[in-house]
Amino acid sequence: MLNELLGSWKVIGCQLNTRWLPDSIFREFRYSFTADDRFLLDWSELTYPQFVGGFPKSKSGKVIINAGANPPQIDFLPDEGPFSGKALLGIFELDHDVLKANFAFPGNPRPAEFTATNGQVYEIWQRVG
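Thresholds, definitions, all that
- Residues numbered from 1 in each chain as written.
- Predicted model: local features only at pLDDT ≥ 70, side-chain atom pairs only at ≥ 80, totals over all residues.
- Heavy atoms only, no water.
- Salt bridge = Lys/Arg side-chain N within 4 Å of Asp/Glu carboxyl O.
- Helix = DSSP H or I, 4+ residues; strand = E, 2+ residues; numbered from the N terminus.
- Buried < 20%, exposed > 50% of the residue type's maximum accessible area, 1.4 Å probe, protein only.
- Polar contact = N/O pair within 3.5 Å; in protein donor to acceptor, adjacent residues only side chain to side chain.

**Student:** Where do I start with the pattern of salt bridges in this structure?
**Tutor:** Pairing between side chains becomes possible if they bear opposite charge and their charged atoms approach one another. Going through the model one piece at a time under the given rule, you end up with 4 salt bridges. The partner of D75 in a salt bridge is R110, with the nearest N and O atoms 2.6 Å apart. Of the two residues, D75 is situated in strand β6 (residues 73–78) and R110 in the loop between β8 (98–104) and β9 (120–127); the sequence distance between them amounts to 35 residues. Owing to a relative accessible area of 11%, D75 belongs among the buried residues under this scheme. Among the salt bridges present, the one from R127 reaches D97, with a minimum N-O distance of 2.8 Å. With R127 in strand β9 and D97 in the loop between β7 (88–95) and β8, this residue pair connects regions lying 30 residues apart in the sequence. Take R127: its relative accessible area is 24%, and that puts it in the partly exposed class.

Okay, here's the thing in structure tokens:
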């Protein structure tokens, strides 16, 4: 795990399949990245199914980082839920305490830019700890 990603993050913006979602859907989600290459997602069980809120729908999973790619890559492998064991392929950009990440749902190609097309979710996170 990149040391710069370790810690807790809150979602401050979310675009799903080209549509920006109201903050009431995601404002309580908190991601954490740990030194053992894991993600944790608080409140993942409290999601809006039609919006795929808490998009991994898993409270934990593996994180795979390829910082040498351009843009850098971040993949989630959820431990449970509908995407259990399936890779959500992503890209990320870190600017101090703001992290932008765009993920493709399983079966879709890795995103190439920071805007969600169909089959993708783009989230903006702010460090909280």
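**Student:** Where do I start with the environment of D36 in this structure?
**Tutor:** For D36, the position within the fold is in the loop between β3 (30–34) and β4 (38–42). In this structure D36 comes out as exposed when scored by relative accessible area, which is 54%. Between the C-alpha atom of D36 and that of L6, which follows or precedes it by 30 residues, the distance is 9.9 Å. Of note is the side chain of D36, whose polar atom sits 2.3 Å from the side chain of T34.

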